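Structure at a glance
Chain residues, written in single-letter form:
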2 protein chains.
Amino acid sequence: MRAEIIGVGTELLLGQIANTNAQFISDKLALEGVNVYFHQAVGDNRERIGEVLKIAHARSDVIVLTGGLGPTDDDLTRESLAEFLGISLQLDNEALKNLESFFASFGRVMTENNKKQVMLLEGGRFLENKRGTAPGQYIEYDNRHYFLLPGPPTELRPMVNEQMIPLIRTIVGRQMTIRSRVLRLFGIGESAMETEVADILNSQTNPTVAPLASEGEVTLRITARADSEEAAYALIAPVEKQLRQRLDKYIYGIDDEILPVAVGKRLKQTGQTLAAAESCTGGLLAAMITDVPGSSDYFKQSWVTYHNSAKTEQLGVPSHVLETDGAVSEACARAMAEGARNRSGCDWAISVTGIAGPGGATETKPVGLVYIAVAGPDGTTAKEFRLRGDRQQIRLRAVKNALYSLVKRMK
Amino acid sequence: MRAEIIGVGTELLLGQIANTNAQFISDKLALEGVNVYFHQAVGDNRERIGEVLKIAHARSDVIVLTGGLGPTDDDLTRESLAEFLGISLQLDNEALKNLESFFASFGRVMTENNKKQVMLLEGGRFLENKRGTAPGQYIEYDNRHYFLLPGPPTELRPMVNEQMIPLIRTIVGRQMTIRSRVLRLFGIGESAMETEVADILNSQTNPTVAPLASEGEVTLRITARADSEEAAYALIAPVEKQLRQRLDKYIYGIDDEILPVAVGKRLKQTGQTLAAAESCTGGLLAAMITDVPGSSDYFKQSWVTYHNSAKTEQLGVPSHVLETDGAVSEACARAMAEGARNRSGCDWAISVTGIAGPGGATETKPVGLVYIAVAGPDGTTAKEFRLRGDRQQIRLRAVKNALYSLVKRMK
């Protein structure tokens, strides 16, 4: 069963919006064991929608079209598909009545152009839209399954969950399931990781193992297809074990457990608390920690001591450290972490100080030089980092390294 | 000139990530007057990448491929294009040397598989990657212009801006210039704004005026095509004036001047300084302020007082305020802002306290209830907000409202 998703709308081609509908539907279909092989996007142009349909019809079994179902003249999905398949569109009186009452319920009179939304593809059926005026449609034609869905995500998403997916299950017949396990690694590059486990990556067909890198983090996704969730995880388990044997020291979490979640999990397990002290990351470390719901259980407070005087006054960094070693130094990072730990009364404190750029570098201290310290019940550790990238990347990588430094201390 | 963008990567088809690269590139090409007619996405599969290339080559003049340039075996874009065009890939010794020094500069040894990244398409040229290991490539073949760009947005975006767009300008020949002016508004919704200026939006052909809304902010983009930059801006000026007459009180900035930049600009003009005190935003306000290069000139420090005891100890919020009004109250926001201003010695201080959810709501204090205070040389103002959305949205909207509150005070 090959599926493909076609986004219709000039706003996609102008870059005004990202095609998040394609992502949403792809994710849902993958969980049903339906392989999405292609995405396409095309503008509000009848001829080109026709071209795209021809390509899709020739290669796919399930074709999901999003957008272009509204009342205006540039909504052309329905009409283009009817033309391509050589079938008619018929006004559906029941759907028209529903649409009229929908308008009436908001005290509005339905304008004539809305009628085009209740023109049904010959042989097709409507998919109810509880959140908007344009119903979806489903039609099986020439062994292809066409789904027409409205463009606004708030209308499309419930329609996918409540109507399209149950239909897909009927079409697929058998409940083939896809399940994934994501291993999250830190402190190793993508290519080095691949070298470590190349034989495993290459020898797998079910499950498959796919590496992905992003901003200093690397993940390995193990994906299995099977008749049931249990069977899928049973296929994943031995491969996960193999990968862990080789990469254990880099693995800090699984699935959605990103670094701030991994930190929170460990703190909750031990019932310990955390504080932070930041210079070059300017609040980003605290922001990532507190992005996790429930983080107030373990995260108590943080200082953004951007200016040197704040480091001294708020965290008690000795003036001689700032004078001798400077604000970007291991000694300063240690003093910041220890000051934050002492003044907050928390079990742990992380500190970051460095040069995020583009300004601020000196002859001996380049942009990207960052010191991170972790103060805990068993003392303080600190490390120097030389991070790459622009201001945003250096800040983000510094935050991730800070979180990972804490994870390692708590392992 | 017809352009199309092809995203390569199974992670797109599995719905693990949205194709934001296609959006970014589409927007940039539109500004150059290049029409994007199609998007495609395909998995890491040589045969299917070949199919997609065949379709694109037959219908487009500019073909931009994103992703699949990395060092691992499932990175196939380069190899698939070479096969499709029937040309060879050649190891580029200079690029190899650069790559080796890149690894050496971080004290790492380059693994063998990295070499594939510096295999150059016969007749092509590299596009330098300052943020990662995989360089981009450009090749003209059979009157088609192929751009191969790395998948990670942090690597792709600067490569598009600094290398692809200048090349596109050479290709297009630049008879026509496109220039835009973006007006940035806050405190008005998209539909309300549209109603205010509907006649202007609808009557324009050159320049065009396009509204866009995102996370509580609204922008109006005025875009003109002309023979020269001066001529384009001369077309924009009268329309900008008209729009400003109607919407002046909501406009806080132009072009790339997002809220933290607008705040910084005003502070630099007056030579004043800023501090912050955050509860529910947990550092995000400080992180956005310090995301701006040079912000250390005016931003001195910030407190993330997540826990009540930190509010009292660090900012001097009176215990009776926390007991009587609670941490989420106007009185607490005022005390936080005044505490931050007094203790930092800054001219201005902003504070945010609220309930970001999903937990923490009470019968009288729902998720989304946020208080923001601004303490300045002429006293303290505070305001209650009831923000919509999930935890991330509420935090982001609270930060934007806090920045806007300061902008208004400084106007």
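Residues numbered from 1 in each chain as written. Chains lettered and ligands numbered in written order. Predicted model: local features only at pLDDT ≥ 70, side-chain atom pairs only at ≥ 80, totals over all residues. Heavy atoms only, no water.

Quick look at the sheet that holds strand β13 (residues 274-278) of chain A now. Read from one edge of the open sheet, ten strands run β17(A)-β16(A)-β15(A)-β13(A)-β14(A)-β14(B)-β13(B)-β15(B)-β16(B)-β17(B), paired in mixed fashion. Since the sheet does not close on itself, it has two edges, and those belong to β17 (379-386) of chain A together with β17 (379-386) of chain B, each with one partner. Put simply, the sheet's adjacent strands are angled 10 degrees from each other on average, direction ignored. The pairing of strand β15 (residues 348-354) of chain A with strand β16 (residues 369-376) of chain A spans six bridges and is antiparallel. When the sheet's bridge partners are listed, A:Ser351 is paired in β16(A) with A:Ala373. The sheet strands contacting helix α11 (residues 308-315) of chain A are β13, β14 (299-305) and β15 of chain A together with β14 (299-305) of chain B, and the helix crosses β14(A) at an angle near 145 degrees. Packed onto the sheet, helix α11 (residues 308-315) of chain B meets β14 of chain A together with β13 (274-278), β14 and β15 (348-354) of chain B and runs at close to 145 degrees relative to β14(B). (Pairing = 2+ DSSP bridges. Helix = DSSP H or I, 4+ residues; strand = E, 2+ residues; numbered from the N terminus. Axes fitted to C-alpha atoms, helices over the stretch in contact; angles between N-to-C directions. Contact = heavy atoms within 4.5 Å.)

Each domain of chain A was delimited in the assignment, giving domain 1 (2-172), domain 2 (177-254) and domain 3 (266-410). Between domain 1 of chain A and domain 3 of chain A, the C-alpha centre-to-centre distance is 50 Å. (Domains from an automatic or database assignment.)

Read from one edge of the open sheet, twelve strands run β6(A)-β7(A)-β8(A)-β3(A)-β1(A)-β2(A)-β2(B)-β1(B)-β3(B)-β8(B)-β7(B)-β6(B), paired in mixed fashion. Strands with a single pairing partner mark the edges of an open sheet, and in this sheet they are β6 (125-127) of chain A together with β6 (125-127) of chain B. Recorded for the sheet is a direction-independent mean angle of 20 degrees between the axes of neighbouring strands. Relative to strand β3 (residues 62-66) of chain B, strand β1 (residues 2-8) of chain B is paired through five bridges, and the arrangement is parallel. Note on β3(B): the bridge partner recorded for B:Ile5 is B:Val64. Each of β3 (62-66), β6, β7 (136-141) and β8 (144-149) of chain A touches helix α6 (residues 153-172) of chain A; the most contacted strand, β8(A), lies at about 170 degrees to it.

Attention now goes to the interface of chain B and chain A. The partner chain A presents 73 residues to the 71 residues of chain B that form the contact. Our count for the chain B to chain A interface comes out at two salt bridges. Taken together, the connections running from chain B to chain A amount to 37 residue pairs in polar contact (both at pLDDT 80 or more). Considered class by class, the residues forming the side of chain B that touches chain A number 29 nonpolar, 26 polar and 16 charged. Taken together, the five bridges between strand β2 (residues 35-42) of chain A and strand β2 (residues 35-42) of chain B define a ladder with antiparallel strand orientation. Counterpart to A:Phe38 in the pairing with β2(B) is B:Val42. (Salt bridge = Lys/Arg side-chain N within 4 Å of Asp/Glu carboxyl O. Polar contact = N/O pair within 3.5 Å; in protein donor to acceptor, adjacent residues only side chain to side chain. Nonpolar A, V, L, I, M, F, W, Y, C, P; charged D, E, K, R; others polar.)

It is worth spelling out the packing of helix α3 (residues 46-59) of chain A against helix α4 (residues 77-85) of chain A at this point. Residues and elements named next belong to chain A. Here α3 crosses α4 at 55 degrees, and the two axes come no closer than 9 Å. Classified by the interaxial angle, the pair formed by α3 and α4 is oblique. At the point where α3 passes α4, the crossing takes the right-handed sense. Contacts between α3 and α4 involve Arg46, Ile49, Gly50, Leu53, Lys54 and His57 on the former and, on the latter, Glu79, Ser80, Leu81, Glu83, Phe84 and Leu85. In terms of residue class, the contact of α3 with α4 is made up of five nonpolar, three polar and four charged. (Parallel < 35°, antiparallel > 145°, perpendicular 65-115°, else oblique. Left-handed = near helix turned anticlockwise from the far one by under 90°.)

The next point concerns the packing of helix α7 (residues 190-203) of chain B against helix α8 (residues 229-247) of chain B. Angle between the axes and distance between the axes are the two parameters that describe a pair of packed helices. Residues and elements named next belong to chain B. Direction vectors running N to C along α7 and α8 enclose 145 degrees, while the axes themselves pass 10 Å from each other. Crossing angle aside, the handedness with which α7 passes α8 is right-handed. Contact with α7, carried on its side by Met193, Glu196, Val197, Asp199 and Ile200, involves Val239, Gln242, Leu243, Arg246 and Leu247 of α8 and no other residues of that element. A class-by-class count of the residues in the contact of α7 with α8 yields six nonpolar, one polar and three charged.

Evaluation of the coordinates by the stated rule reveals ten aromatic pairs over all chains. Measuring from centroid to centroid gives 6.3 Å for A:Phe102 and A:Phe103, while their planes differ by 80 degrees, and the two rings are edge-to-face. Summarising the aromatic geometry, the rings of A:Phe299 and B:Tyr306 are spaced 6.0 Å apart at their centres and angled 65 degrees between planes, so their arrangement reads as edge-to-face. On the criterion of chain membership, the pair formed by A:Phe299 in strand β14 and B:Tyr306 in the loop between β14 and α11 is interchain, its members lying in two chains. Residues A:Phe299 and B:Tyr306 agree in their burial class; the two are buried. Three or more aromatic residues joined by ring pairs form one cluster here, namely A:Phe186, A:Tyr252 and A:Tyr404. A cation over an aromatic ring shows up here: A:Arg2 above the ring of A:Tyr37, its NZ or CZ 4.5 Å from the ring centre. Between the NZ or CZ atom of A:Arg59 and the centre of the ring of A:Phe38, over which it lies, the distance is 3.6 Å. (Phe/Tyr/Trp six-rings, centres within 6.5 Å; stacked < 30°, edge-to-face > 60°. Buried < 20%, exposed > 50% of the residue type's maximum accessible area, 1.4 Å probe, protein only. Lys NZ or Arg CZ within 6 Å of the ring centre and 35° of its normal.)

With that settled, consider the state of the cysteines. The bond known as a disulfide is covalent and runs between the sulfur atoms of two cysteines. Residues and elements named next belong to chain A. The tally for this structure, following the rule as stated, stands at zero disulfides over all chains. Free cysteine: Cys280, not disulfide-bonded; nearest cysteine sulfur from Cys332 at 11 Å. Classification of Cys280 by relative accessible area gives buried; the value is 6%. (Disulfide = S-S within 2.5 Å.)

All names here are of chain B. End to end, helix α14 (residues 391-410) covers 29 Å across 20 residues, agreeing with the expected 28 Å (1.5 Å per residue, within 8%). Most of α14 sits out of view: 16 of its 20 residues are buried. With a side-chain oxygen lying 3.2 Å from the backbone nitrogen of Gln392, the N-terminal cap of α14 falls on Asp390. (Expected span 1.5 Å × (residues − 1).)

Positionally, A:Gln204 belongs in the loop between α7 (190-203) and β10 (208-214). Excluding residues within four positions of it along the chain, A:Gln204 makes contact with A:Val209, A:Val239 and A:Gln242.

What follows deals with the side chain of A:Lys365. All names here are of chain A. Within the secondary structure, Lys365 is located in the loop between β15 and β16. Asp325 provides the closest opposite charge to the buried, salt-bridge-free Lys365, at an N-O distance of 7.2 Å. Within the structure, Lys365 has its side chain in polar contact with the backbone oxygen of Asp325 (distance 2.7 Å). Within polar-contact distance, the side chain of Lys365 engages the backbone oxygen of Val328 at 2.7 Å. Not counting the four nearest positions on each side in its chain, Lys365 is found in contact with Asp325, Gly326, Val328, Ser329 and Ile355. (Lys, Arg positive; Asp, Glu negative; His and termini not counted.)

By the secondary structure assignment, B:Arg2 is in strand β1. On a C-alpha basis, the gap between B:Arg2 and B:Asn35 in space is 5.6 Å, while along the polypeptide they are 33 residues apart. In this view, B:Arg2 contacts A:Arg48, B:Asn35, B:Tyr37, B:Phe38, B:Arg59, B:Ser60, B:Asp61 and B:Val62; residues no more than four positions away in its chain are not counted.

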